[in-house]
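Topology and contacts: notes
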Amino acid sequence: MLIGGVFVLLGGIFIGALSTTVLLRTSFGSAGDIKARDAIRLQALIEAPEGRAPAEVTAERATSEFAHSFVISAAALDATASRDDRARVIAISHWLMRTGALAERDDAVSRWAVIAARCVVEFEQAVRDAAVCVRDRMPLDVPIPDHARD
């Protein structure tokens, strides 16, 4: 009986260790996938045929990428699970309105980012209403920056 109990205990420890290893590997793998996608996306911002693009080109690409991502995240604000992320999007909206960081730009995605920021600031206490406002006011297809097109 004692020997059987020891085998059951050792079997349980083995199964627990194996399960923990699989779970950790899966979570590390997910983080690795996210970082790989980030690296791929960020490389497109600095890419040029001869190597790294000039600073003014990368600044323009980064700004248009930010504006595009901001519009999409503001439109999905009610589906954002993390309160910290929602609070950060709201803070970015206030920053955009306060500084006019994208207001002087003439491209469509920047104009839509300013409209999205207005919606989020206007309805910051009701994220569902803010997201609906953004979705109602934005075009059916938010323009994708040229460098991000496949």
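A brief structural summary. Note that the coordinates shown come from a computational prediction; the quantities given were computed from them, not determined experimentally.

Conventions and cut-offs
- Residues numbered from 1 in each chain as written.
- Predicted model: local features only at pLDDT ≥ 70, side-chain atom pairs only at ≥ 80, totals over all residues.
- Heavy atoms only, no water.
- 1 Å grid on protein atoms, 1.4 Å probe; cavity = no way out; pocket = protein on both sides within 12 Å on 5 of 7 lines; lining within 4 Å.
- Points joined across faces, edges and corners; volume = space filled by probe spheres on them.
- Helix = DSSP H or I, 4+ residues; strand = E, 2+ residues; numbered from the N terminus.
- Nonpolar A, V, L, I, M, F, W, Y, C, P; charged D, E, K, R; others polar.
- Axes fitted to C-alpha atoms, helices over the stretch in contact; angles between N-to-C directions.
- Parallel < 35°, antiparallel > 145°, perpendicular 65-115°, else oblique.
- Contact = heavy atoms within 4.5 Å.
- Phe/Tyr/Trp six-rings, centres within 6.5 Å; stacked < 30°, edge-to-face > 60°.
- Salt bridge = Lys/Arg side-chain N within 4 Å of Asp/Glu carboxyl O.
- Buried < 20%, exposed > 50% of the residue type's maximum accessible area, 1.4 Å probe, protein only.
- Left-handed = near helix turned anticlockwise from the far one by under 90°.
- Core = buried A, V, L, I, M, F, W, Y, C linked by side-chain atoms within 4.5 Å.
- Polar contact = N/O pair within 3.5 Å; in protein donor to acceptor, adjacent residues only side chain to side chain.

Further remarks concern the layout of surface pockets. Taken as a whole, the largest pocket encloses approximately 150 Å³ of empty space. Lining of the largest pocket is provided by R41, E65, H68, S69 and S73. Residue contributions to the lining of the largest pocket peak at 4 residues, all from helix α2 (residues 55-75). Looking at the lining of the largest pocket, its residues break down into no nonpolar, 3 polar and 2 charged.

Let us now look at the packing of α2 against helix α5 (residues 127-137). Direction vectors running N to C along α2 and α5 enclose 125°, while the axes themselves pass 7 Å from each other. The angle between α2 and α5 falls in the class oblique. Contacts between α2 and α5 involve V71, A74 and A75 from the former and A131, V134 and R135 from the latter.

Take the packing of aromatic side chains next. Across all of its chains, the model carries 2 aromatic pairs by this definition. Taken together, the ring pairs connect F66, F70 and W95 into an aromatic cluster.

What follows covers the pattern of salt bridges. Per the stated rule, a full pass over the model turns up 6 salt bridges. Here D107 and R105 are joined by a salt bridge, their closest N and O atoms 3.3 Å apart. Residue classification places D107 among the partly exposed residues on the basis of a relative accessible area of 23%. Classification of R105 by relative accessible area gives buried; the value is 16%. Of the charged contacts, one joins E122 and R137 as a salt bridge, the two residues approaching to 3.7 Å between their closest N and O atoms. Placement of E122 in helix α4 (residues 108-122) and of R137 in helix α5 is noted, with a sequence separation of 15 residues between them. Sharing partners across several salt bridges, the network here consists of E60, R105 and D107.

Before going further, it helps to examine the packing of helix α3 (residues 83-99) against α4. Relative orientation and spacing of two packed helices are given, respectively, by the angle between their axes and the distance between those axes. Between α3 and α4, the least distance of the axes is 8 Å, while the angle of their chain directions is 120°. Between α3 and α4 the crossing geometry is left-handed. On α4, the residues that touch I90, S93, H94, L96 and M97 of α3 are A113, V114, A117, R118, V120 and V121.

Here we come to the environment of L42. Note on placement: L42 falls in helix α1 (residues 2-46). Using a relative accessible area of 45% as the deciding quantity, one classes L42 as partly exposed. With 23 residues separating them in the primary sequence, L42 and E65 have C-alpha atoms 9.6 Å apart.

Turning next to the nonpolar core. Side chains that are nonpolar tend, in soluble globular proteins, to be buried together. With 23 residues, the main nonpolar core has F70, L77, V120 and V134 as its most contacted residues. Sorting elements by how many residues they give to this core places α4 first, with 7 residues. Discounting residues that sit within four places of it in the chain, V134 has contacts with V71, A74, A75, A116, C119 and V120.

The next point concerns the side chain of R105. With respect to the helices and strands, the residue R105 is situated in the loop between α3 and α4. A polar contact is formed between the side chain of R105 and the side chain of E60, at a distance of 2.7 Å. Not counting residues up to four positions away in its chain, the partners in contact with R105 are E60, T63, S64 and S110.

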